[in-house]
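Examination of the molecular architecture
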2 protein chains.
Amino acid sequence: MSDLATLLAVARGDRPADLRLTNGRVVNVLTEEVEESDVALSGAWIAGVGPGYDARETLDLGGQFVLPGLIDAHVHIESSLATPPEFARAVVPRGTTTVVSDPHEIANVHGLEGIRYMLAASEGLPLTAFVMASSCVPATHMGTAGAALGAGDLASLDHPRVLGLAELMNFPGAIQGAPEVLEKLAAFRGRVVDGHAPGVTGKALNAYVASGPRSDHECTSPGEAEEKLRRGLWVFFREATNARNLLALLPALSPGSRRRIALCTDDRQPADLLDKGGIDDMLRTLVGEGIDPVQAIGLATLNPAEYFGLHDRGAVAPGRRGDLVVVPSLDELRAAMVFSGGKLVAEGGEALWPRPPHPPPPPTPSMAVREDTLDFSIPKRRGQARVIRAVPDQIVTRAEAATPATADDEVVADTERDLLKIAVVERHTGSGRVGLGLVTGIGLQRGAIAGTVAHDHHNIIVIGADDTSMRSAVQAVAELRGGLAVARGDQVLASLALPVGGLMSEAPVEAIRASLDDVVRSARALGSPLHDPFMAMSFLGLEVIPELKITDLGLVDVEAFEPVDFWLDERRAPAASRDSADVARNSPA
Amino acid sequence: MSDLATLLAVARGDRPADLRLTNGRVVNVLTEEVEESDVALSGAWIAGVGPGYDARETLDLGGQFVLPGLIDAHVHIESSLATPPEFARAVVPRGTTTVVSDPHEIANVHGLEGIRYMLAASEGLPLTAFVMASSCVPATHMGTAGAALGAGDLASLDHPRVLGLAELMNFPGAIQGAPEVLEKLAAFRGRVVDGHAPGVTGKALNAYVASGPRSDHECTSPGEAEEKLRRGLWVFFREATNARNLLALLPALSPGSRRRIALCTDDRQPADLLDKGGIDDMLRTLVGEGIDPVQAIGLATLNPAEYFGLHDRGAVAPGRRGDLVVVPSLDELRAAMVFSGGKLVAEGGEALWPRPPHPPPPPTPSMAVREDTLDFSIPKRRGQARVIRAVPDQIVTRAEAATPATADDEVVADTERDLLKIAVVERHTGSGRVGLGLVTGIGLQRGAIAGTVAHDHHNIIVIGADDTSMRSAVQAVAELRGGLAVARGDQVLASLALPVGGLMSEAPVEAIRASLDDVVRSARALGSPLHDPFMAMSFLGLEVIPELKITDLGLVDVEAFEPVDFWLDERRAPAASRDSADVARNSPA
């Protein structure tokens with residue numbers, strides 16, 4: 001008997017179910033009702049909802065609520081610093097049974113090999129990790145990544161878990177109809193294409209939508225979200241470790257538009273995942289804000305399922321996957337039990353499945369850091385310099401200006417004004433390129449922090465109060481073959497190794513979290529007041545998020561979508577040749 | 001410049017639009033708002049919604065409302081008795097710019113050739129006619145059709161307008177997991193599958209849903225619709241000429257479920273289409289019942305677009321088709337102008353496009369009626385006979401019982417009790433089979449009506465007060481090579497030729513309508529009070545709609561899903577062999 005024939009026999013009542021959940025209250029997101037009803041499971045599938053099923057095993061839920069497994073509409077698993085099997089251990093026990101991931105962090109390091117690793121490493125988990133083909137590797141021409149993926153590369157990702165094209169971050173290219181962008185869109189015609197258009201409105205938004213993306217998760221204000229909804233984009237409300245947009249966007253959640261809104265975490269570091277949770281945490285926030293729990297749950301289940309065409313999940317209904325979350329209360333929404341594919345996989349927040357073996361990781365990531373060019377000096381000049389202002393809990397930055405402090409004919413950090421040096425050291429090609437700038441909002445009083453997590457190029461990013469500490473921190477992460485480090489002077493104070501692509505560790509997620517706590521504690525001891533200064537730093541390199549960012553090619557004005565000079569009165573950055581070591585250091589002239 | 005590049009240039013404002021609609025109020029179904037906004041069109045597409053666009057041509061709408069083109073979620077175009085180009089002339093001027101059609105009428109006559117004819121005949125129209133591959137040809141094993149389509153045949157329909165698998169009417173087969181049904185479902189895995197499950201509830205509904213269909217348009221009560229919505233089916237509210245379910249289903253339209261409800265006409269005859277309209281008529285009914293017009297319009301635009309994955313339409317938004325309906329008032333919803341693919345194609349209810357040439361129709365349909373077996377006699381017996389009760393404005397029937405009138409040792413019609421003879425004469429294979437029964441609810445006082453429109457096998461169906469009139473009527477439609485006829489005694493009183501498959505005429509839809517008026521008038525003169533007795537008759541042959549129906553194999557108890565005898569005390573019909581002329585006549589023994 002085929003699986004489907006068995007399922008139908010159970011549904012009809014001609015064959016006992018494998019498992020029956022009785023005395024539960026089913027949250028029916030299809031109709032926004034709560035039904036007192038049994039749920040009968042056959043293998044991995046829901047066979048029936050309703051009374052009168054026989055079963056080999058019965059579980060009395062004692063009036064608890066049964067939710068569909070939660071779906072994270074957009075996540076970069078790499079940001080958990082854990083590999084997919086360990087990421088699953090963090091999120092599944094809290095109720096997330098499906099994620100739609102964009103592996104563009106590892107793709108920027110290892111290309112298709114990185115994406116294939118993520119697919120292999122997420123095989124056979126109680127978490128379904130769908131993959132969107134990373135559309136922007138590299139993110140732009142304004143930074144150097146370890147790989148470049150063209151339309152043909154992306155189209156070659158023929159795998160049942162690859163759903164479509166991931167966030168199209170090159171929004172200026174899409175709006176302008178750049179041939180390489182149109183080529184990628186054409187390769188995914190008829191499939192889902194995620195968008196990324198921070199702050200894009202008006203005619204530019206019309207053009208972006210017309211080019212093909214169907215969603216956006218970069219809204220920071222309700223007005224922006226409303227305009228995007230009106231023009232046809234689905235909006236994913238995001239609450240990442242360093243991009244907290246959920247509460248700000250709530251006013252955009254209206255009866256007329258809520259069908260086209262989903263939830264995503266985008267980037268959450270492990271302590272957040274373990275302490276607060278993921279999508280479940282967002283649901284608790286929504287319910288805490290007075291949103292009807294059944295409607296809130298729809299945003300995290302049926303809506304993303306419909307957006308991505310995942311007709312086999314997103315609701316507690318016959319023929320859908322037995323991905324279920326049992327919660328004692330709709331006011332609290334804490335998973336007491338989680339079923340994935342019909343099996344109980346977590347109870348009381350604890351994973352019940354054994355750790356599977358890891359597949360072989362991609363080769364050791366490149367750390368081609370050249371000692372001879374590891375130089376953060378900036379000759380002094382008159383005039384104001386561009387300054388990146390890190391915005392708390394946001395990945396957008398502000399472009400500011402300041403007259404830098406100087407000493408011995410060089411620009412130096414000024415901790416009194418919280419003006420620190422920031423640098424991006426190219427690590428993929430051995431070019432020796434270093435992009436230099438100033439940043440405010442990180443708050444280090446001394447020493448430096450560095451990491452190979454530097455969206456999306458994942459070069460080595462470093463912020464420091466002095467050049468020696470910066471050099472020590474960079475050398476420390478290079479020696480780790482990837483990771484995070486804190487240094488003061490010549491001394492490395494703490495570090496976390498991330499040998500998988502320089503992004504992830506194969507260690508248990510709790511161990512990663514403990515090491516991360518160490519390095520964060522160490523950075524805080526150097527004066528940074530931030531929740532996670534490493535994550536804040538990592539997004540200062542992302543040249544597709546306004547306003548001012550930094551790559552190995554120097555500062556980038558994201559709204560103009562072009563490199564700019566360190567000094568404010570120089571509009572353009574000096575021409576950089578990727579091939580010539582002579583002009584490789586993108587420090588100011 | 002590619003079409004997309006041009007579209008983006010217009011959207012950005014870098015190139016003038018082809019057409020700009022100003023001073024309009026855009027019904028935004030994406031957010032359920034009305035926006036005062038311009039709409040800029042580039043070629044067939046909407047480039048931008050918002051102010052500030054230049055254009056080669058500007059149309060001032062003077063405050064009228066702009067709706068997305070209406071979408072009929074499920075229609076058998078053949079029921080209009082017109083071919084697709086003429087069907088378009090009926091529906092497009094009233095605002096329907098997209099239909100999702102199931103060509104299973106012509107498929108039951110001409111197989112794949114019939115479907116390909118419908119695709120060819122709908123090419124290049126201002127109406128987009130999508131096609132669902134007809135899943136049930138023949139509808140069941142309990143009737144004889146002109147063709148049989150297996151999973152392989154259906155999968156061979158590789159055409160950009162073929163979306164998925166059409167209404168899976170063999171619901172007992174789906175529920176039971178019949179291999180031929182599962183094979184068809186497997187052939188369309190991952191694509192949309194429409195359902196058809198009249199009155200199916202409880203465990204049977206769980207099994208039906210689990211088998212794969214995603215929608216149902218056969219609900220007749222709000223409770224039935226609510227249960228189907230809860231179990232995951234989309235529900236299409238239907239208002240056909242002879243299946244008026246819209247008002248009855250309104251209580252099922254709730255804020256929590258309305259996102260999963262669409263509208264369909266299923267089967268409307270030409271007078272209804274021309275006098276009342278199609279989906280536009282349903283919208284007027286909804287608004288008349290107090291439903292918010294913007295929400296109602298969503299049921300006929302965005303919802304079916306989302307259900308079918310038609311991301312290029314369903315809303316007035318950038319990158320979607322320039323299929324627009326301009327109405328002076330949301331209370332009235334009558335199309336003043338209709339745009340299709342960016343072109344004005346109708347104004348004031350009048351089509352503005354020229355009649356295109358018809359493609360060659362399939363070969364003349366078979367009318368293999370054998371004179372020697374054209375015999376409607378039923379030997380008399382004691383006891384009660386099964387009687388089909390036609391239900392006004394519904395395609396469901398009731399199974400009743402009556403002691404038939406007799407004369408000269410034969411059962412005869414009894415017009416005083418409105419008990420008429422009904423017969424289905426097999427026309428496809430020359431078998432000479434005739435199925436016989438009694439019907440009440442048609443109301444003829446004399447004479448007979450016959451037609452080759454007899455869902456879904458489209459044999460010749462005939463209802464009469466005497467055998468001679470029945471024979472005349474049958475012979476008349478056979479001589480027409482398909483059509484409808486009214487006869488009294490030897491005299492044919494009126495007829496309408498339907499030479500395309502015995503289902504459609506290539507004549508202008510207004511001419512078809514005039515001829516239909518003639519035959520209906522003639523049938524009414526014989527005593528039938530029905531709005532359209534031919535359409536009522538045509539569904540009495542549809543053995544997938546409860547309760548009692550008739551095919552060339554005799555009466556069918558649809559709930560038992562098996563043939564039954566004319567006499568009530570005989571549970572089973574006599575075994576019929578399709579190969580043996582000896583038992584070919586399925587009249588009672």
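1. Brief notes about unusual backbone geometry
Put simply, Val137 of chain A and Pro138 of chain A share a cis peptide bond, and its omega is -5 degrees. Mapped onto the elements of the fold, Pro138 of chain A is located in the loop between β10 (128–133) and α4 (151–155). In this model, His455 of chain B is joined to Asp456 of chain B through a cis peptide bond whose omega is -20 degrees. Despite not being glycine, Leu333 of chain B shows a phi value in the positive range, around 55 degrees. By the secondary structure assignment, Leu333 of chain B is in the loop between β16 (324–327) and β17 (337–340). Positive phi, close to 60 degrees, is recorded for Arg481 of chain B, a residue that is not glycine. Among the structural elements, Arg481 of chain B can be located in the loop between α14 (467–479) and β28 (483–488).

2. Considerations on the side chain of Asp280 of chain B
Residue and element names in this part refer to chain B. Mapped onto the elements of the fold, Asp280 is located in helix α11 (residues 279–288). At 2.7 Å, the side chain of Asp280 forms a polar contact with the backbone nitrogen of Gly278. With residues near it in sequence (within four places) discarded, Asp280 still touches Leu70 and Arg94.

3. Some points on the pairing of strand β9 (residues 96–101) of chain A
Residues and elements named next belong to chain A. Counting buried positions along β9 gives six out of six residues, so the element sits mostly inside the fold. Where strand β8 (residues 70–75) and β9 come together, four bridges link them in parallel fashion. Paired with Leu70 across the two strands is Thr96, which belongs to β9. Note on the crossover from β8 through helix α2 (residues 84–91) to β9: the handedness is right-handed. In this region the chain leaves β9, passes through helix α3 (residues 104–121) and returns to the parallel neighbour β10; the handedness of that crossover is right-handed.

4. Regarding the sheet that holds strand β5 (residues 45–49) of chain A
Residue and element names in this part refer to chain A. As summarised here, the arrangement of the four strands in space is β5-β4-β1-β6, forming an open sheet in which the pairing is mixed. Each end of this open sheet is capped by a strand with a single partner; those strands are β5 and β6 (58–60). The mean inter-strand angle of the sheet, taken between neighbouring strand axes irrespective of direction, is 20 degrees. Across three bridges, strand β1 (residues 19–22) lies against strand β4 (residues 39–42) in antiparallel orientation. Across the sheet, residue Arg20 finds its bridge partner in β4, namely Ala40. Across the sheet, helix α1 (residues 3–12) touches β4 and β5, and the angle it forms with β5 is around 20 degrees.

5. Overview of the packing of helix α7 (residues 202–211) of chain A against helix α1 (residues 3–12) of chain B
Relative to each other, α7 of chain A and α1 of chain B sit at 160 degrees, their axes nearing to 7 Å. What the angle tells us is that α7 of chain A and α1 of chain B run roughly antiparallel. Relative to α1 of chain B, α7 of chain A is oriented so that their crossing is right-handed. For the pair formed by α7 of chain A and α1 of chain B, the contact residues are Lys203, Asn206, Ala207, Ala210 and Ser211 of chain A on the first element and Leu4, Leu7, Leu8, Ala11 and Arg12 of chain B on the second. Residues that form the contact of α7 of chain A with α1 of chain B fall into these classes: six nonpolar, two polar and two charged.

6. Description of the nonpolar core
Formed by 100 residues in total, the largest nonpolar core has its most connected members in Phe237, Leu263, Ile442 and Ile463 of chain A. If one sorts the elements of this core by residue count, helix α15 (residues 509–525) of chain A sits on top with six residues. Once residues within four sequence positions are removed from consideration, Ile463 of chain A is found in contact with Leu420, Lys421, Ile422, Val439, Ile442, Leu444, Gly447, Ala448, Ile449, Met470, Met537 and Leu540 of chain A. Val29, Leu283, Val439 and Phe534 of chain B belong to the second-largest nonpolar core, a separate cluster that totals 99 residues.

7. So, the relation of the copies chain B and chain A
At an RMSD of 0.0 Å, chain B and chain A line up after a rotation of 180 degrees and a shift of 0.0 Å along the axis. These values place the two chain copies in the arrangement generated by a two-fold rotation axis. Closest to the rotation axis within chain B is the C-alpha of Arg259 of chain B, separated from it by 3.7 Å. Interface overlap between copies is the fraction of interface residues in one copy that are interface residues in the other; for chain B against chain A it reaches 100%, indicating a shared surface.

8. With respect to the pattern of salt bridges
Enumeration according to the criterion identifies 66 salt bridges over all chains in this entry. Among the salt bridges present, the one from Asp18 of chain A reaches Arg56 of chain A, with a minimum N-O distance of 2.2 Å. In this pair, Asp18 of chain A is assigned in the loop between α1 and β1 and Arg56 of chain A in the loop between β5 and β6, connecting sequence segments 38 residues apart. By relative accessible area, Asp18 of chain A is classed as partly exposed at 29%. Between Glu33 of chain A and Arg230 of chain B there is a salt bridge; the shortest N-O distance is 2.8 Å. Placement of the pair is Glu33 of chain A in strand β3 (residues 33–36) and Arg230 of chain B in helix α8 (residues 222–230), with the two residues belonging to separate chains.

9. Points about helix α14 (residues 467–479) of chain A
Residues and elements named next belong to chain A. Between its first and last C-alpha atoms α14 spans 18 Å; for 13 residues at 1.5 Å apiece the expected length is 18 Å, and the two agree. Within α14, burial applies to Asp467, Ser469, Met470, Ser472, Ala473, Val474, Ala476, Val477 and Ala478. Looking at the packing, one finds that the buried side of α14 touches β23 (410–412), β24 (420–425), β26 (448–451), β27 (460–464), β28 (483–488) and β29 (491–497). Just downstream of α14, Arg481 is the residue with a positive phi angle, here 60 degrees.

10. Some remarks on α1 of chain B
Note: α-helices contain 3.6 residues per turn, so residues at a spacing of three or four share the same orientation. α1 of chain B sits mainly inside the fold: eight of its ten residues count as buried. Listed as buried for α1 of chain B are Ala5, Thr6, Leu7, Leu8, Ala9, Val10, Ala11 and Arg12 of chain B. Structurally, α1 of chain B contributes buried residues whose contacts are with α5 (171–176), α6 (179–187) and α7 of chain A together with β4 (39–42) and β5 (45–49) of chain B. Following α1 of chain B by one or two positions, Gly13 of chain B adopts a phi angle in the positive range, close to 90 degrees.

Definitions and limits used
- Residues numbered from 1 in each chain as written.
- Chains lettered and ligands numbered in written order.
- Predicted model: local features only at pLDDT ≥ 70, side-chain atom pairs only at ≥ 80, totals over all residues.
- Heavy atoms only, no water.
- Helix = DSSP H or I, 4+ residues; strand = E, 2+ residues; numbered from the N terminus.
- Polar contact = N/O pair within 3.5 Å; in protein donor to acceptor, adjacent residues only side chain to side chain.
- Contact = heavy atoms within 4.5 Å.
- Buried < 20%, exposed > 50% of the residue type's maximum accessible area, 1.4 Å probe, protein only.
- Pairing = 2+ DSSP bridges.
- Right-handed = clockwise from strand over helix to strand, strands pointing away.
- Axes fitted to C-alpha atoms, helices over the stretch in contact; angles between N-to-C directions.
- Parallel < 35°, antiparallel > 145°, perpendicular 65-115°, else oblique.
- Left-handed = near helix turned anticlockwise from the far one by under 90°.
- Nonpolar A, V, L, I, M, F, W, Y, C, P; charged D, E, K, R; others polar.
- Core = buried A, V, L, I, M, F, W, Y, C linked by side-chain atoms within 4.5 Å.
- Least-squares fit on C-alpha atoms with pLDDT ≥ 70 in both.
- Salt bridge = Lys/Arg side-chain N within 4 Å of Asp/Glu carboxyl O.
- Expected span 1.5 Å × (residues − 1).

Geometric descriptors of this kind do not, in isolation, establish any biological role.
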